[in-house]
Amino acid sequence: MLRIAGIAVVVIGIVVALSTYTVDERERVIKFALGELREVDQEPGLHFKFPLIQNVEKFDARIMTLNIPPDRFLTSEAKNIIVDFYAKWRINDVGQFYRATRGDERLAEERLSQILRDGMRNEFARYELQDVVAGERLTIMGAVRQAALETALELGVDLVDVRIRRMDLPDEVSESVFDRMRAERERVAQDFRARGQEEAERIRSRADRDRTVILANAYRDSEEIRGEGDARATEILGASFGEDEEFFRFYRSLIAYRNSLQGENSTFVLEPNSEFFQFFNAPGGERPSRAPQLPQPAE
């Protein structure tokens, strides 16, 4: 009796196990009845089915990564570029996914890969190599994703994102690109040097002109000041001559002595009674009747 009860419990457990299944939040589920699709995308939780008649197939609903091997694409000027990119995708409509791919994720990834390659080929053909390298990759990726969305929906999947990992140039293209970049940098450097030389000449010319103007103005001012000084000196000397003619002659003689006897080797050939020495020979410091004449130095 106990044996029969134990067998009954085991049978009931097997029936319950075959009749129930759980749906996780991270899963998409399809229920089949005798091989025909009956129900799709059930709510998370515990569900029931008829054993041996109905069966369930589960699919991962999380975002998956599609790694695409690097491939070559041509730019608008027929330059090759090697692009390594990947895509993020997930199952959106599990029923459509099953009808389009029979539930084979590998087949879905192959079709997505081909769609993305075609999109990349079309987009790279619209840009020059310099634009692609300089920063148009985000625009290209957005356009590729947008173009592949409609086809991806036919597969029952949502194309979340498309990203470029790396872009490389073939050796022959790299050399030509580097040569062109070097030539462009040299052209820019020569342009800067030419502008600098032009500006230097302009500054130098302006400085020379300002120097000439400053010196001319300074010479003019100095001549004016010197003329005013000479005029004032003449005026003072004329006034002093009117006050005391003999003292004025004496003062002029002293100036003549000072100017004539400068230096260490001043030599004069004069007669002893020359008028130039009249103040040296005047007895008792008497003033002579006239001022001496300035002698010419001997050669």
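The numbering scheme is per chain: residues are counted from 1 as the chain's sequence reads. Only residues with pLDDT of at least 70 get local features here, since the model is predicted, and only at 80 or more are side-chain atom pairs given and counted; chain-wide, interface and lining totals rely on the full set of residues. Just so you know, side-chain values use all the structure's heavy atoms and leave hydrogens and water out.

Caption draft 1: Geometry of the overall build of the protein chain. Scanning the protein chain from N- to C-terminus turns up 8 helices and 8 strands. Three labels apply to residues, based on accessible area from a 1.4 Å probe with only protein chains included: buried if under 20% of the type maximum, exposed if over 50%, partly exposed otherwise in between. Put simply, the protein chain has 299 residues, and 25% of those count as buried. Any two residues whose heavy atoms approach within 4.5 Å at even a single point are treated as in contact. Across the protein chain, the fraction of contacts at a sequence separation of at least 24, relative to all contacts at a separation of at least 6, is 64%. Values of accessible area rely on a 1.4 Å probe in the Shrake-Rupley scheme; residue burial ignores everything except the protein chains shown. Summed over its atoms, the accessible surface of the protein chain is roughly 21000 Å², and 52% of this surface lies on carbon and sulfur atoms. Runs of H or I in DSSP of at least four residues are treated as helices and runs of E of at least two as strands, each being numbered from the N terminus.

Caption draft 2: Region of the structure containing helix α5 (residues 137–154). Every helix has an expected span of 1.5 Å times one less than the residues it contains. Relative to the 26 Å expected for 18 residues at 1.5 Å per residue, α5 spans 26 Å between its end C-alpha atoms, a close match to the ideal helical length. Maximal helix bending in α5 amounts to about 40 degrees, located at A148. Those residues of α5 not exposed but buried are I140, M141, V144, A148, L149 and A152. Of the residues trailing α5, G156 is marked for its positive phi of about 80 degrees. Throughout, bend refers to the angle between the axes fitted to the seven residues that end at a position and the seven residues that start at it.

Caption draft 3: A look at the sheet that holds strand β5 (residues 54–60). Taken together, 3 strands build an open sheet; the order of strands is β3-β2-β5 and the sheet is antiparallel. Edge strands, defined here as strands with exactly one partner in the open sheet, are β3 (36–40) and β5. Taken over all neighbouring pairs, the strand axes of this sheet differ in orientation by 30 degrees on average, direction set aside. Bridge count for strand β2 (residues 27–33) against β3 is 4 bridges, and the pairing is antiparallel. Bridge pairing in β3 links I30 to V40. Pairs of strands are assigned from DSSP output, requiring at least two bridges between the strands. Between N-to-C directions, angles cover 0 to 180 degrees, with each direction set by a line fitted to C-alpha atoms, over the stretch in contact for helices.

Caption draft 4: Up close: the pattern of salt bridges. For this analysis, a salt bridge means a side-chain nitrogen from Lys or Arg found within 4 Å of a carboxyl oxygen belonging to Asp or Glu. Scanning the entire structure with this criterion turns up 17 salt bridges. Note that R220 is salt-bridged to D221, the shortest N-O span being 3.3 Å. On the basis of relative accessible area, R220 is assigned to the partly exposed category, the value being 44%. The network of salt bridges with shared partners includes E198, E199 and R202.

Caption draft 5: A look at the sheet that holds strand β8 (residues 157–168). Spatially, β6-β7-β8 is the arrangement adopted by the 3 strands of the open sheet, whose pairing is antiparallel. Every interior strand has two partners, whereas the edge strands, β6 (64–74) and β8, have only one. Averaged over all pairs of adjacent strands, the angle between strand axes in this sheet comes to 25 degrees, irrespective of strand direction. Of the pairings in the sheet, the one linking β6 to strand β7 (residues 80–91) comprises 9 bridges and is antiparallel in character. Among the inter-strand pairings, N67 is bridged to a residue of β7, identified as Y86. Taken strand by strand, helix α3 (residues 105–124) contacts β6, β7 and β8, and its axis lies near 35 degrees from that of β6.

Caption draft 6: Just the confidence of the model for the protein chain, in detail. The predictor attaches a confidence to each residue, and that confidence, scored 0 to 100, is pLDDT. The predicted model of the protein chain averages 78 in pLDDT, with 78% of residues at 70 or higher. The least confident element of the protein chain is helix α8 (residues 278–281), whose mean pLDDT is 60; the most confident is α3, at 89. Per-residue pLDDT stays below 50 along residues 290–299; that stretch engages in 24 contacts with residues further than four places along the chain or on separate chains.

Caption draft 7: Representation of unusual backbone geometry. One non-glycine residue, A78, lies in positive phi territory at about 65 degrees. With respect to the secondary-structure elements, A78 resides in the loop between β6 and β7. Look at A78 and you get exposed, because its relative accessible area is 56%. At R102, a position not held by glycine, the phi torsion is positive, near 60 degrees. Take R102: it is sitting in the loop between α2 (94–101) and α3.

Caption draft 8: Spotlight on the packing of α2 against α3. Contact pair α2 / α3: the axes reach a minimum separation of 9 Å and the direction vectors enclose 85 degrees. As judged from the angle between their axes, α2 and α3 are roughly perpendicular. Of α3, the residues touching α2 (which contributes F97, A100 and T101) are E105, L107, A108 and R111. Residue composition of the contact of α2 with α3, by class: 4 nonpolar, 1 polar and 2 charged. Here roughly perpendicular refers to angles of 65 to 115 degrees, roughly parallel to angles under 35, roughly antiparallel to angles over 145, and oblique to all remaining angles. Throughout, the ten residues Ala, Val, Leu, Ile, Met, Phe, Trp, Tyr, Cys and Pro are labelled nonpolar, Asp, Glu, Lys and Arg are labelled charged, and all others, Gly among them, are labelled polar.

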